Amino acid sequence: MNYTAAQLAELVGVDRSRVRAWQRRGWLVPVEETHRLAYFDFTELAAARNLAELYRAGVKPATIARKLAEIERRAPHVRRPLAELAIVLDGRQVLVREGDDLVEPGGQLRIDFAALEQDFDDEPLAATIVSPAVFLSRNALPAQAAPQQLRQWASQLDEAGDLAAAAEMYRAALAAGGLQPELCFQLAEVLYRAGDLAGARERYYTALELDENYVEARANLGCVLAELGQLELAAAAFEGTLACHEGYADVHYHLARTLDELGRGNQAAVHWRRYLTLAPDSPWAEEARDRLGQ
């Protein structure tokens, strides 16, 4: 089966924002996209597991990017190192398993995180990313205020976990380049993670105003509405998502839970069953079976 970003995140034990960041960097490549919704196959699951292990070890994205470039130079036949090679942590060194052997420093496929202690502290954001006020300044250099540059900085701040700064930079990117569904979605995601549910709700609405078929924005809006206690609106959002993309397994799951909370168990059962048909091996399949059993 193929996996959504949410399912992939659950399987490897990270927040889905981390999966999105890896996708933006090109480290995870969707096998298909439907109405902006990305699906990943088992190969990408293997890559995500390697990335999750590096993330939990504290290896920063800039370090991973440098070492992947090093592998590409030394082993050009390896097209997707994160998916094709097994990464093993040995203390503060990251090695590659090739067959039954670990390739150690000096080997062709070596990933030698030399002076890793220094690498853990690299990429000082304050030294490389300016304030979003650069857009508001009359004297701002065009290159600094360019929408693409602001968007890149916003993504870096988002990935680093500086949610307040990321939100302001996303707003600056929107102001500089105009409303774009994907940017509104990314800002909504940041606001949600920062605990600003009302702000996230409005940005998801904006994304849908710009692209009514943006199924992930509509699904996430439903989740936010449910958290805000607006269950009828949440159910409507989920139903609208399925009207556009009936095979979106995650939404059958969320709609079933919402209908159960609304006391509409018979309707919920339909979606629990559909969810199990679409994603029988998903992280939430056992919950669906339990609900149907009850």
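Here the structure is shown first, and the text comes after it.
Residues numbered from 1 in each chain as written. Predicted model: local features only at pLDDT ≥ 70, side-chain atom pairs only at ≥ 80, totals over all residues. Heavy atoms only, no water.

J.: Mind laying out the environment of A38, listing which residues take part and the relevant values?
T.: Here A38 is to be found in strand β2 (residues 37-39). According to the relative accessible area criterion, A38 is buried, its value standing at 7%. Put simply, A38 and E216 are 178 residues apart on the chain and 9.2 Å apart in space, counted from C-alpha to C-alpha. What A38 contacts, discounting residues up to four positions off in sequence, is Y3, T4, A5, Q23, P30, E32 and E33. (Helix = DSSP H or I, 4+ residues; strand = E, 2+ residues; numbered from the N terminus. Buried < 20%, exposed > 50% of the residue type's maximum accessible area, 1.4 Å probe, protein only. Contact = heavy atoms within 4.5 Å.)

J.: Any chance you could break down empty space enclosed by the protein for me, citing the residues and the numbers?
T.: What the rule picks out here adds up to two cavities of 30 Å³ or more. Along the walls of the largest cavity sit S17, R20, R24, D158, F185, Q186, E189 and R193, which together make up its complete lining. At the level of secondary structure, the elements contributing two or more residues to the lining of the largest cavity comprise α2 (16-24) and α12 (181-193). Broken down by element, the lining of the largest cavity gets its largest block of residues, four residues, from α12. (1 Å grid on protein atoms, 1.4 Å probe; cavity = no way out; pocket = protein on both sides within 12 Å on 5 of 7 lines; lining within 4 Å. Points joined across faces, edges and corners; volume = space filled by probe spheres on them.)

J.: Could you give me a rundown of the side chain of E216, with the residues and numbers involved?
T.: Residue placement: E216 occurs in helix α14 (residues 215-227). E216 gets classed as buried once you look at its relative accessible area, which sits at 8%.

J.: Break down the pattern of salt bridges for me, with residues and values.
T.: Under the counting rule described, the total for this entry stands at 17 salt bridges. A salt bridge links R36 to D211; the shortest N-O distance between them is 2.7 Å. In this pair, R36 sits in the loop between β1 (32-34) and β2 while D211 sits in the loop between α13 (197-210) and α14, placing the two residues 175 residues apart along the sequence. Residues E286 and R289 are paired through a salt bridge, measuring 3.8 Å at the closest nitrogen-oxygen approach. (Salt bridge = Lys/Arg side-chain N within 4 Å of Asp/Glu carboxyl O.)

J.: How would you explain the nonpolar core if you had to name every residue and give the values?
T.: Within the largest apolar cluster, 55 residues are counted, with the highest numbers of intra-cluster contacts made by M169, Y204, A217, Y248 and Y275. The greatest single-element share of this core, amounting to eight residues, is contributed by helix α11 (residues 163-177). Discounting chain neighbours no more than four positions away, the residues touching Y275 are Q7, A249, D250, H252, Y253, P280, S282, W284, A285 and A288. Core analysis: the second largest hydrophobic core is formed by 23 residues, V14, L45, A47 and I64 among them. (Core = buried A, V, L, I, M, F, W, Y, C linked by side-chain atoms within 4.5 Å.)

J.: Give me α13: which residues, what numbers.
T.: Given 3.6 residues per helical turn, the α-helix brings residues three or four places apart onto the same face. End to end, α13 covers 20 Å across 14 residues, agreeing with the expected 20 Å (1.5 Å per residue, within 8%). Taken together, the buried positions of α13 are L197, G199, A200, Y204, T206, A207 and L208. (Expected span 1.5 Å × (residues − 1).)

J.: How would you summarise the packing of aromatic side chains if you had to cite specific residues and measurements?
T.: Within this structure, the stated rule accounts for five aromatic pairs. For the pair F185 and Y214, a centre-to-centre distance of 5.2 Å together with 20° between the ring planes defines the contact as stacked. Here F185 is found in helix α12, whereas its partner Y214 is found in the loop between α13 and α14, with 29 residues between them in sequence. We note that F185, like Y214, is buried. Here the aromatic residues Y253, W272, Y275 and W284 are joined through ring pairs into a cluster of three or more. (Phe/Tyr/Trp six-rings, centres within 6.5 Å; stacked < 30°, edge-to-face > 60°.)

In short, geometric facts, not functional conclusions.
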